[in-house]
Each structure stands twice: as C-alpha cells, then as structure tokens.
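The chain contents come next:
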Amino acid sequence: MLSKVLWPIGKRVTKGEEDARFLEAVHLAVPQRIQSASNDAQLEEILQNIKATKTSAVINYGASWCRVCSQILPVFCRLSNEFRKLPFIYADIDECPNATQAIRYTPTFHFYRDGEKVDEMFGIGEERLRDRLWLHS
C-alpha cells in the first residue's frame, strides 16, 4: 500500500484515494501511463500480458517504507514521459507479496524485451536508469 501511513487510523479509503494522497505527499503527479499493481493477481496479469504480447516494459519493484525507493520514484515518473513507447509499471512488494518473493532488494528494476526479462538493475541512479531505459526502449 503506497500510502498506508498517511491516513488517520480508522479512516476507510479507496485504493485510488490512497495513491493520490501518497503522490500528493511526495509532491508529484504520476503520469496516467504508469500502471500500478495493487495486488498479486494484478501483477501476475501484467507479467502474463507482457509475455503473451511479447512487448517491452520496465517494472519498478519498490516499497512504501523504503527511503531509496521514494527518492527514485519521481525520477521513474519523469522518465516515463521521456520513454513513451515503453510501458512503465510500479509494484509495491508489500502489496504483491507472493508475486514478488524473488525480489531481494528495493528498488529493483526489471527490463523486458519481446516478452522476456533481459536485464535487472538494483538501487538508484538517474543516469544509470536512463541509460538502461534507452538501451531497452
């Protein structure tokens, strides 16, 4: 859950409200073109779609409690506007615990080409991320 610590205790909100509140708190607007997996089933569906359609894509695996993840998320959003042909996906490891069991570090970026994972990047670095996106777009 991207923003579970930002709401008063006991207040019931929708997933969309939570995401909007989180983004407001970090002062950025996520482009609509970034797809977010809010549970294991959604992430599995996204991965199956990437494989079935043999498309290229980048998935950012992060966590709401990860300080480094919150530093790279605005960069990830900004780069999604520069690399418009490449689908961008964000998956929180706490929201998708079964589908992300193999993720050992956050943030982790997986790059797909023709439906297959071809590269992986750990940690942050705007230039490193931009170079990888350029390479795989």
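Here, every reference points to the structure presented above.
Let us look at the structure shown here. Every value quoted in this text rests on a predicted model; they were computed, and no experiment measured them.

1. Some remarks on helix 4 (residues 126–136)
Here's step 1: Of the positions making up helix 4, those classed as buried are Leu129, Leu133 and His136. Summarising the axial view, the buried residues of helix 4 lie within an arc of 75 degrees, below the 170-degree limit, and thus occupy one face.
Here's step 2: On its buried face, helix 4 is in contact with strand 2 (57–62), helix 3 (67–82), strand 3 (88–92), strand 4 (108–113) and strand 5 (116–122).

2. Concerning unusual backbone geometry
Here's step 1: In this structure, the amide linkage connecting Thr106 to the following residue, Pro107, adopts the cis form with an omega of -5 degrees.
Here's step 2: Position of Pro107 relative to the elements: it lies in the loop between strand 3 and strand 4.
Here's step 3: Despite not being glycine, Lys54 has its phi angle at roughly 55 degrees, a positive value.
Here's step 4: One can find Lys54 in the loop between helix 2 (40–53) and strand 2.

3. Details of the packing of aromatic side chains
Here's step 1: Per the counting criterion, the structure on display carries 3 aromatic pairs.
Here's step 2: Aromatic pair Phe76 and Phe88: ring centres 4.9 Å apart, planes at 55 degrees, arrangement tilted. One end of the pair, Phe76, is in helix 3; the other, Phe88, is in strand 3, with 12 residues separating them in the sequence.
Here's step 3: Residue classification places Phe76 among the buried positions, given a relative accessible area of 1%.
Here's step 4: Between Tyr105 and Phe122, the aromatic rings sit 5.3 Å apart at their centres with planes inclined by 75 degrees, giving edge-to-face as the arrangement. Of this pair, Tyr105 sits in the loop between strand 3 and strand 4 while Phe122 sits in strand 5, placing them 17 residues apart in sequence.
Here's step 5: We classify Tyr105 as exposed; its relative accessible area is 52%.
Here's step 6: Taking relative accessible area as the criterion, Phe122 reaches 39% and is therefore assigned partly exposed.
Here's step 7: Following the ring pairs from residue to residue traces out a cluster consisting of Phe76, Phe88 and Phe109.

4. A word on helix 2
Here's step 1: Here helix 2 is 14 residues long and its end C-alpha atoms lie 20 Å apart, about the 20 Å a rise of 1.5 Å per residue gives.
Here's step 2: By the burial criterion, the buried members of helix 2 are Asp40, Leu43, Ile46, Leu47 and Ile50. One side of helix 2 carries all its buried residues, which in axial view fall inside an arc of 130 degrees. Seen from the buried face of helix 2, the exposed residues on the opposite side, beyond 90 degrees, are Ala41, Glu45 and Ala52.
Here's step 3: On its buried side, helix 2 packs onto strand 1 (34–37), strand 2, strand 3 and strand 4.
Here's step 4: For helix 2, the N-terminal cap is Asn39; the gap from its side-chain oxygen to the backbone nitrogen of Ala41 is 3.1 Å.
Here's step 5: Lys54 lies just past helix 2 and shows a positive phi near 55 degrees.

5. Considering the pairing of strand 4
Here's step 1: In terms of burial, strand 4 is largely enclosed, as 5 of its 6 residues are buried.
Here's step 2: Bridge count for strand 2 against strand 4 is 5 bridges, and the pairing is antiparallel. Each bridged residue has a counterpart across the sheet, and for Ile59 the counterpart in strand 4 is His110.
Here's step 3: Pairing geometry for strand 4 and strand 5, over 6 bridges, is antiparallel. Residue pairing across strands places Phe111 opposite Asp119, the latter belonging to strand 5.
Here's step 4: The hairpin turn running from strand 4 into strand 5, its antiparallel successor, is 2 residues long, and Asp114 in that turn takes a positive phi close to 55 degrees.

Conventions used here
- Residues numbered from 1 in each chain as written.
- Predicted model: local features only at pLDDT ≥ 70, side-chain atom pairs only at ≥ 80, totals over all residues.
- Heavy atoms only, no water.
- Buried < 20%, exposed > 50% of the residue type's maximum accessible area, 1.4 Å probe, protein only.
- Helix = DSSP H or I, 4+ residues; strand = E, 2+ residues; numbered from the N terminus.
- Arc of directions from axis to C-beta.
- Contact = heavy atoms within 4.5 Å.
- Phe/Tyr/Trp six-rings, centres within 6.5 Å; stacked < 30°, edge-to-face > 60°.
- Expected span 1.5 Å × (residues − 1).
- Polar contact = N/O pair within 3.5 Å; in protein donor to acceptor, adjacent residues only side chain to side chain.
- Pairing = 2+ DSSP bridges.

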